[in-house]
Amino acid sequence: MVVLRMRNVHKRKYALICLCIVGFIVYKYLGMPASGWRMRRKVGLNASTSQFTLEGEPFRILGGSIHYFRVPRAYWRDRLMKMKACGINTLTTYVPWSLHQPEKGVFYFHTQLDLEAYISLAAELGLWVILRPGPYISAELDLGGLPSWLLRDGSMKLRTTHPGFTQAVNTYFDKLIPKVVPLQFKKGGPIIAVQVENEYGSFAKDQSYMIFIKEALQSRGISELLLTSDNHNTLKSGGVDGAIRSVKLQKLNQRDIQDLNAIQPNSPSMVMDYWTGWYDVWGELHHVLPPEDMVSTVREILRRGMSVNLYMFHGGSSFGFTSGALADPSYRALVSSYDYDAPLSEAGEYNPKYHLLRDLFSRYSSKGNSIPDMPVLHYREAYEPAIMYQHLSLWDALSFTEGPFKSAKPVNMENLPVNNRNGQSYGYTLYETTITSGGILKSGDNVRDRALVFVDRNYIGLFKRHSLELAVADGQGQRTLSLLVENCGRAHRGRDLDKQHKGLVGDILLNNIPLRDFTIYSLDMKPSFIDSLYQAPWKSLPESPSFPGFLMGRLFAYGYPSDTFVKLPGYEKGVVFINGLNLGRYWSIGPQQTLYLPGPFLNSGINQVIVFEEQEGDYKVHFEDTPDLGMAADIQ
């Protein structure tokens, strides 16, 4: 009897343990929100009625855009937590082909470009994801996020079923799509929808193209809801069968919504891009949208029962040379900041829009799910100025470039035999030839986009889009004519994407005779080039340094480095590198007057500061604790 009772006790003990294990599993996988729910689901996001449903339950998308490639990886969690704390339930992000495949056979999906980690982090924090993989994305990126090596094909027709383009897309998607397929909703991941291309209605050169992109996604395993996104007047031409249409806007117009509902009367209505602000252009004012105007429009969108995505919720920065440009009606290059006057500033600060949205979205949060507390802000610091104590002339840095290359005629940037014969994507290109007389130098509008002109390395003038002639003084014997040409950014939108070659794209004439026999230097200013300059013949900074040239100094950051903002009074135009990383362009014409320098880019202790200045510099670089994006003007 004693033995029997002991056995019963053991059975009860084991049963209790098993019950606890089962209970834990049930809690773990059924009781958790999206962040931990990895069970296989069946239905996903559905658009077969006038309201979205997710796994059969009514669902309203409260979305926000944050681009992982515009935010330091160390800050991904901070920015997404701030998004969650605003009451947003869905993260949207573009995927930039140009950054993930900078050369034909080279792919990057790690560190700053680890898309899988970014999507998984969103899931961990309880956010759903709408993925926008392009291949064309616009996003105010150089060439709309398309890699510039595509332009090496002289017959290339971007965003069409031209064989050269579709083959390149297939190669890219073969690498990209398998990475995100396991992260789809029905496979236990956070991706509830995927956008097919972007704004194709404004381009619409090939009726077969959108079908090709849709099938390219689905044949590789994309099985979630597909959608397209266009301006109201191009909704019809931008759509594709099997994908729900969505609209982009900033001001809510009754007719826009009617147009959308007329095209798909029994489907949910969604504003895929509600523009919370706008981007900025060099030489103009900083665009802002009054917070009250923004929140009143979002409130009306929600009142109508529609879903919405805030573009941008947090803009971040177009680090390096990645910012795009406008081509119509005239060429205008975009600034490096992508602050966008978004609810979360470039440096992740809350602004009045954030607080208004948080109050609004709190009324739409699902029952029992209160909005999390707002994360604390990062400390910002005004560091002591960096004293620029060394100088390196551009001419002394040329031996550290790849090349040089000889060519009878000018060769555009994309067709230079650099970067494993993928051409040059960004930066500057120097063209040098010999002249034996003076006269009138004509660009023939073949400079893309801006050229400093030198004779025997003495500056004589500037070519840009609207200045097509320069006088060259007479001189003795043979002299060297140099043109330092900058790619200020390829157009990110428009119908002339195929024509976005940079550098010299045709002949330069002296007295109406084409110049010949060029020596060409590629100055893309990659980190490897900046690092190689350690071996260059730097000299102590003279009282009147020559330009263009590089200036070097040091920033001291004690303890844990904080965010700061680089300001360059006394400088004209150039690029800032911190510890070899390209922060972006500065230009005295504004509007942007500071460059955001995230704390994670700094080391505790000594940090190297290098400035490439084109025309006029100073002996200090300043660091401030507040941004200066220039004089503001309301968006009209």
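Because the structure is predicted, anything quoted here is derived from the model rather than measured.

Student: Even after reading the chapter, I still don't get the overall build of the protein chain, so can you show me in this structure?
Tutor: Counting its regular elements, the protein chain contains 12 helices and 36 strands. Based on the C-alpha atoms only, the size of the protein chain along its principal axes is roughly 115 × 55 × 50 Å. For the protein chain, the proportion of its 636 residues judged to be buried stands at 58%. When the accessible surface of the protein chain is split by element, carbon and sulfur atoms take 52% of a total near 26200 Å².

Student: Can you help me understand the packing of helix α2 (residues 76-84) against helix α4 (residues 115-124) in this one?
Tutor: Axes are the key here: two packed helices are described by the angle between their axes and the distance separating the axes. Contact geometry of α2 with α4 gives a least axis separation of 10 Å together with a crossing angle of 40 degrees. By the criterion of interaxial angle, the relationship of α2 to α4 is oblique. Remark: the crossing between α2 and α4 carries right-handed chirality. Contact with α2, carried on its side by W76, R77 and L80, involves A117, Y118, L121, A122 and E124 of α4 and no other residues of that element. In terms of residue class, the contact of α2 with α4 is built from six nonpolar, no polar and two charged.

Student: Teacher, can you tell me more about the nonpolar core here?
Tutor: As a rule of thumb, soluble globular proteins bury nonpolar side chains together. With 101 residues, the main nonpolar core has L80, Y274 and F361 as its most contacted residues. Here this core gets eight residues from one element, more than from any other, and that element is helix α5 (residues 163-180). Judged by nonpolar contacts, the second largest core, of 26 residues, contains A397, F454, F529 and W538.

Student: What am I meant to see in the pattern of salt bridges here?
Tutor: Between side chains of opposite charge, a pair can form when the charged atoms approach closely. For the structure on display, the rule yields 30 salt bridges. For the salt bridge of E124 with R77, the shortest nitrogen-to-oxygen distance reads 2.9 Å. In this pair, E124 sits in helix α4 while R77 sits in helix α2, placing the two residues 47 residues apart along the sequence. Here E124 falls in the partly exposed class, since its relative accessible area comes to 42%. Measuring nitrogen to oxygen at the nearest pair gives 3.5 Å for the salt bridge that ties R457 to E432. With a gap of 25 residues between them, R457 in the loop between β20 (450-455) and β21 (458-463) and E432 in strand β17 (residues 428-435) connect regions that are remote in the sequence. With a relative accessible area of 8%, E432 lands in the buried category.

Student: Could you clarify how one ought to interpret the packing of aromatic side chains in this entry?
Tutor: Counted under the stated rule, the structure contains 30 aromatic pairs. Relative to W149, the ring of W97 has its centre 6.2 Å away and its plane inclined at 90 degrees; by these criteria the two rings are edge-to-face. Of this pair, W97 sits in helix α3 (residues 97-100) while W149 sits in the loop between β6 (128-132) and α5, and the two are 52 residues apart along the sequence. Per residue, the accessibility class of W97 equals that of W149, and both read buried. One aromatic cluster is present, built from ring pairs that chain together W97, W149, F165, Y172, F173, Y200, F203 and Y209. Directly above the ring of Y338 sits R70, whose terminal nitrogen or CZ lies 3.6 Å from the centroid. The ring of Y136 has R159 lying over it, and the distance from NZ or CZ to the ring centre is 3.6 Å.

Student: Just to check I follow, could you spell out the side chain of S336 for this structure?
Tutor: By the secondary structure assignment, S336 is in the loop between β14 (332-333) and α10 (352-361). Ignoring sequence-local partners within four residues, the contact set of S336 consists of W282, S317, S318, G320, G584, R585, Q592 and L595.

Student: I'm lost on the environment of N415 in this one. Help?
Tutor: Tracing the backbone shows N415 in the loop between β16 (402-407) and β17. With relative accessibility at 30%, the residue N415 sits in the partly exposed group. Once the C-alpha coordinates of N415 and W149 are considered, the two residues, 266 residues apart in sequence, prove to be 8.2 Å apart. Beyond its immediate chain neighbours, meaning those up to four positions away, N415 contacts L151, R152 and H501. At 3.0 Å, the side chain of N415 forms a polar contact with the side chain of N412.

Student: Would you mind going over a nonpolar patch on the surface with me for this structure?
Tutor: A cluster of nonpolar side chains, contributed by F556, Y558 and I606, occupies part of the molecular surface with about 360 Å² of accessible area. If you trace the backbone, Y558 turns up in the loop between β29 (549-557) and β30 (564-567). The class of Y558 is exposed, set by a relative accessible area of 67%.

Student: When you look at the sheet that holds β21 in this model, what are you seeing that I'm missing?
Tutor: For sheets, the rule is that strands pair by backbone hydrogen bonds, running either parallel or antiparallel. Here we have six strands laid out as an open sheet, ordered β16-β27-β17-β23-β20-β21, and antiparallel in their pairing. Sheet topology places β16 and β21 at the edges, where each strand pairs with a single neighbour. If you compare each strand with its neighbour and ignore which way they point, the axes differ by 20 degrees on average. Looking at chain direction, β17 and strand β23 (residues 479-486) are connected through eight bridges and run antiparallel.

The rules we used
Residues numbered from 1 in each chain as written. Predicted model: local features only at pLDDT ≥ 70, side-chain atom pairs only at ≥ 80, totals over all residues. Heavy atoms only, no water. Helix = DSSP H or I, 4+ residues; strand = E, 2+ residues; numbered from the N terminus. Buried < 20%, exposed > 50% of the residue type's maximum accessible area, 1.4 Å probe, protein only. Areas by Shrake-Rupley, 256 points an atom, 1.4 Å probe, with all protein chains shown as cover. Axes fitted to C-alpha atoms, helices over the stretch in contact; angles between N-to-C directions. Parallel < 35°, antiparallel > 145°, perpendicular 65-115°, else oblique. Left-handed = near helix turned anticlockwise from the far one by under 90°. Contact = heavy atoms within 4.5 Å. Nonpolar A, V, L, I, M, F, W, Y, C, P; charged D, E, K, R; others polar. Core = buried A, V, L, I, M, F, W, Y, C linked by side-chain atoms within 4.5 Å. Salt bridge = Lys/Arg side-chain N within 4 Å of Asp/Glu carboxyl O. Phe/Tyr/Trp six-rings, centres within 6.5 Å; stacked < 30°, edge-to-face > 60°. Lys NZ or Arg CZ within 6 Å of the ring centre and 35° of its normal. Polar contact = N/O pair within 3.5 Å; in protein donor to acceptor, adjacent residues only side chain to side chain. Patch = residues over 30% accessible without salt bridge, like charges linked within 9 Å, V, L, I, M, F, W, Y side chains within 5 Å. Pairing = 2+ DSSP bridges.

So yeah, pure geometry; function would need other evidence.
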